[in-house]
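# Structural overview
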Amino acid sequence: MLIFLHVGPDASQAQMLVNSAKVFGHDCVQLTDADSPAVEGAHCVRTPREGQGIMLFRAQCYAAFNEPGIYVDTDMLIKHDLSPLMVLDYDVALTKRGHDIIDPNGVNVGALMPFNGGFVCVKDKTFWPEVAQRMEAMDAENQRWYGDQLAIAEAAKSRQILELPVRIYNRTTKRAGLDVSGAWVLHFKGRGKEVMHDY
């Protein structure tokens, strides 16, 4: 099962994600607010949003749904059957960043956020509730962005983690024409969204 959050009037990215997942027979669940359109081919679960930051809202929706599955960003395409991941032995499977991220102050934020929150395989039903609880204690800026990755890193410390190769399960794809034949999941972060349809 693939689970994702989509909010907002334009569901085209989420629709491409679902279409790509359906090729491999995956069930898809859309978590969303009261007003956003339902994505065709996904089971839609609605939760009223009360003004909280988008990443906090996502964590709260994940915690409320809280079923074993693969939790993904909507700017992704599935290129391979992912069901083998769910038979492996772990509490949480994560893709670890393969490089440092240095902020303008010289801080390696990649060390603080070693895992990308866009592709998370979860079996432990205490994981998302802990992530949401940690985020609820954060400031508004972290609740809006990046706080999920800080909370995931902390929650991961007390669980059996399986690290997945990022080039296979969370392959950043920012331009057209790349050889992505070995990747199971493509991630169109930032300006990469402009070429998502090409793949």
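Before reading on, note that the structure itself is shown above.
Per chain, residue numbering runs from 1 following the sequence as it is written. In keeping with the predicted nature of the model, local features appear solely for residues at pLDDT of at least 70, side-chain atom pairs appear and are counted solely at 80 or more, and the whole-chain, interface and lining totals rest on all residues. As a convention, hydrogens and water are excluded, and side-chain values are obtained from all of the structure's heavy atoms.

As a further point, take the packing of helix H2 (residues 54-65) against helix H4 (residues 127-136). Axes here mean lines fitted to C-alpha atoms, for a helix over just the part in contact, with angles spanning 0 to 180 degrees between N-to-C directions. Where helices and strands are cited, they refer to DSSP runs of H or I of at least four residues and of E of at least two residues respectively, numbered from the N terminus. Contact geometry of H2 with H4 gives a least axis separation of 8 Å together with a crossing angle of 150°. Here H4 runs roughly antiparallel to H2, going by the angle between their axes. The crossing of H2 and H4 is left-handed. Of the residues in H4, those in contact with Met 55, Leu 56, Ala 59, Gln 60, Tyr 62 and Ala 63 of H2 are Trp 128, Pro 129, Val 131, Ala 132, Met 135 and Glu 136. Grouping the constituent residues of the contact of H2 with H4 by class yields 10 nonpolar, one polar and one charged. Note on angle classes: values under 35 degrees are labelled roughly parallel, values over 145 roughly antiparallel, values of 65 to 115 roughly perpendicular, and the remainder oblique. Crossings are sorted by hand: turned counterclockwise from the far helix by less than a right angle, the near helix makes the crossing left-handed, and turned clockwise it makes it right-handed. Note on contacts: a residue pair is in contact if any heavy atoms of the two residues lie within 4.5 Å. Each residue is assigned to one class: nonpolar for Ala, Val, Leu, Ile, Met, Phe, Trp, Tyr, Cys and Pro, charged for Asp, Glu, Lys and Arg, and polar for all the others, Gly among them.

Aromatic ring pairs are defined here through the distance separating the ring centres and the angle between the ring planes. Ring pairs shown here join Phe, Tyr and Trp side chains whose ring centres sit within 6.5 Å, with only the six-membered ring taken for Trp; geometry is labelled stacked below 30 degrees between planes, edge-to-face above 60, and tilted in between. Taken as a whole and assessed by the stated rule, the structure comprises eight aromatic pairs. Measuring from ring centre to ring centre gives 4.7 Å for Tyr 62 and Tyr 71, while their planes differ by 65°; the resulting arrangement is edge-to-face. Relative accessibility thresholds used throughout: buried, under 20% of the residue-type maximum; exposed, over 50%; partly exposed, between the two (1.4 Å probe, protein chains only). Accessibility expressed as a relative area gives 1% for Tyr 62, which makes it buried. Each member of the aromatic cluster is reached from another via a ring pair, and the members are Tyr 62, Tyr 71, Phe 127 and Trp 128. Positioned above the aromatic ring of Tyr 90, the side-chain terminus of Lys 123 is 4.7 Å from the ring centre. Charge over a ring is defined by NZ of Lys or CZ of Arg lying within 6 Å of the ring centre and within 35 degrees of the ring normal.

A few words on the side chain of Thr 173. In this structure, Thr 173 sits in the loop between strand S9 (171-172) and strand S10 (185-187). Under this definition, polar contacts are N or O atom pairs within 3.5 Å; protein pairs additionally need one hydrogen-donor-capable and one acceptor-capable atom, and for neighbouring residues in sequence, both atoms have to be side-chain atoms. Within the structure, Thr 173 has its side chain in polar contact with the backbone oxygen of Arg 171 (distance 3.0 Å). Excluding its chain neighbours within four sequence positions, the residues that come into contact with Thr 173 are Leu 178, Val 180, Leu 186, His 187, Phe 188, Gly 192, Val 195 and Tyr 199.

Consider a sheet: its strands pair through backbone hydrogen bonds, and that pairing is either parallel or antiparallel. A strand pair is defined by DSSP finding two or more bridges across the two strands. Ordered in space as S3-S2-S1-S4-S7-S6-S8, the seven strands form an open sheet in which the pairing is mixed. Strands with a single pairing partner mark the edges of an open sheet, and in this sheet they are strand S3 (43-46) and strand S8 (161-164). Adjacent strand axes in the sheet meet at a mean angle of 25°, parallel and antiparallel pairs treated alike. Summarising the sheet, strand S6 (residues 92-96) and S8 pair through four bridges and their orientation is parallel. In the strand pairing of S8, Ala 93 is matched with Leu 162. H2 rests against strand S1 (2-5), strand S2 (28-32), strand S4 (69-72) and strand S7 (115-122) of the sheet, and its axis sits at about 145° to S1. The strands touched by H4 within the sheet are S4, S6 and S7, with S7 carrying the most contacts at an inclination of about 150°.

What follows covers the pattern of salt bridges. Salt bridge, as used here, is a side-chain nitrogen of Lys or Arg placed within 4 Å of a carboxyl oxygen of Asp or Glu. Using the criterion set out here, one finds 11 salt bridges in the structure. Across the pair Arg 58 and Asp 73 runs a salt bridge, and its minimum N-O distance is 2.5 Å. Taken together, the residues Arg 58 in helix H2 and Asp 73 in the loop between S4 and strand S5 (76-78) connect sequence positions 15 residues apart. Across this residue pair, the class does not change: Arg 58 and Asp 73 are buried. A salt bridge links Glu 154 to Lys 157; the shortest N-O distance between them is 2.9 Å. Each of Asp 124, Glu 130, Arg 134 and Arg 159 takes part in salt bridges that share partners, so that together they form one network.

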